[in-house]
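One letter stands for each residue in the lines below.
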Amino acid sequence: MAKLILSMETTVLKEIPLTKERITIGRKPHTDIQIDNLAISGEHAVVITILNDSFLEDLGSTNGTFVNGQSVKKHFLVNGDTIELGKYRLKYVSEVPQQTSSADFEKTMILRPGAAKMPAPGPATAVPSAPPAAPAAAVPAHMSTSPGMAPSPPSVAPAAAPAMPLGAIQILSGGNAGKEMELTKTLTTLGKPGVQVAVIARRPHGYFITHVEGASFPVVNGKALSTQAHQLVDHDVIELAGVKMEFFLKS
């Protein structure tokens with residue numbers, strides 16, 4: 001299990017296991033990691049953990065969030081990374097193999113009229129048809145079949161499990177209504193920074209949406225999400241940052 005080690009200068013203050021999908025960092029009492037220091041914003045940053053992967057996002061803090069000396073807005077965490085918040089340090093420790101790379105962490109798709117950068121649908125990819133079934137084994141002429149006894153059928157290899165269909169979202173309201181975006185990245189963030197942001201994670205067993213930023217949580221099929229990741233199913237309607245969108249699986 002991954003964890004964060006909070007320290008100030010050379011003193012280790014505590015260790016925080018990343019047992020929740022969403023860990024908030026800030027000065028306010030309701031944050032998961034409260035740091036009572038004026039250099040820290042009320043809600044400074046958040047760490048999202050999905051399976052073995054964790055990423056950090058700055059929540060519009062006044063003084064910024066730094067990782068290994070570099071200012072970041074979003075950062076995919078790897079073992080040994082040090083998050084710097086004023087005089088405080090949070091070291092990320094994880095010995096579990098990660099499933100995502102930083103290249104899979106897509107920039108937030110801004111949901112405002114004319115600002116969404118959605119790639120145009122690419123050319124259709126031909127799906128190879130299944131190979132023709134092998135013909136039944138013929139009985140050689142010199143091997144007569146006894147009356148009433150049929151030849152044994154050829155053995156058939158078990159079919160491979162079908163791959164999970166590619167997911168996509170289609171905007172249903174607002175200035176970008178009708179636009180579509182395929183969820184090809186392992187992690188895709190959606191929303192309006194500073195208002196409401198969520199992340200959709202693509203996993204071998206499905207797509208999961210998790211709240212990242214904002215006082216109100218995303219709504220799926222009329223029901224607000226909790227802090228836990230929620231698995232999406234075909235034709236779920238998501239309401240995020242004042243925009244409605246539909247999640248669907250492409251055949």
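Residues numbered from 1 in each chain as written. Predicted model: local features only at pLDDT ≥ 70, side-chain atom pairs only at ≥ 80, totals over all residues. Heavy atoms only, no water.

Novice: Honestly, the overall build of the chain in this entry has me stumped. Any pointers?
Specialist: A count of helices and strands for the chain gives zero helices and 22 strands. The buried share among the 251 residues of the chain stands at 39%. Expressed as a percentage of contacts within the chain between residues at least 6 apart in sequence, the contacts between residues at least 24 apart total 45%. Put simply, the chain shows about 14,200 Å² of open surface, and 56% of that area lies on carbon and sulfur atoms. (Helix = DSSP H or I, 4+ residues; strand = E, 2+ residues; numbered from the N terminus. Buried < 20%, exposed > 50% of the residue type's maximum accessible area, 1.4 Å probe, protein only. Contact = heavy atoms within 4.5 Å. Areas by Shrake-Rupley, 256 points an atom, 1.4 Å probe, with all protein chains shown as cover.)

Novice: Would you mind going over the nonpolar core with me for this structure?
Specialist: When a protein is soluble and globular, its nonpolar side chains tend to lie buried together. Grouped together as the largest cluster of nonpolar side chains are 21 residues, with contacts concentrated most on Leu4, Ile33, Ile35, Val47, Leu56, Ile83 and Leu90. Of all the elements in the fold, those that place two or more residues in this core are strand E1 (3-8), strand E3 (22-26), strand E5 (45-50), strand E10 (82-85) and strand E11 (88-93). In terms of residue count, E11 provides more of this core than any other element does, three residues in total. If sequence neighbours within four positions are ignored, Leu56 has contacts with Ala45, Val46, Val47, Thr65, Val67, Val72, Lys73, Lys74, His75, Leu77 and Ile83. Counting 18 residues, the second largest nonpolar core, distinct from the first, contains Ile169, Met181, Ile209 and Val243. (Core = buried A, V, L, I, M, F, W, Y, C linked by side-chain atoms within 4.5 Å.)

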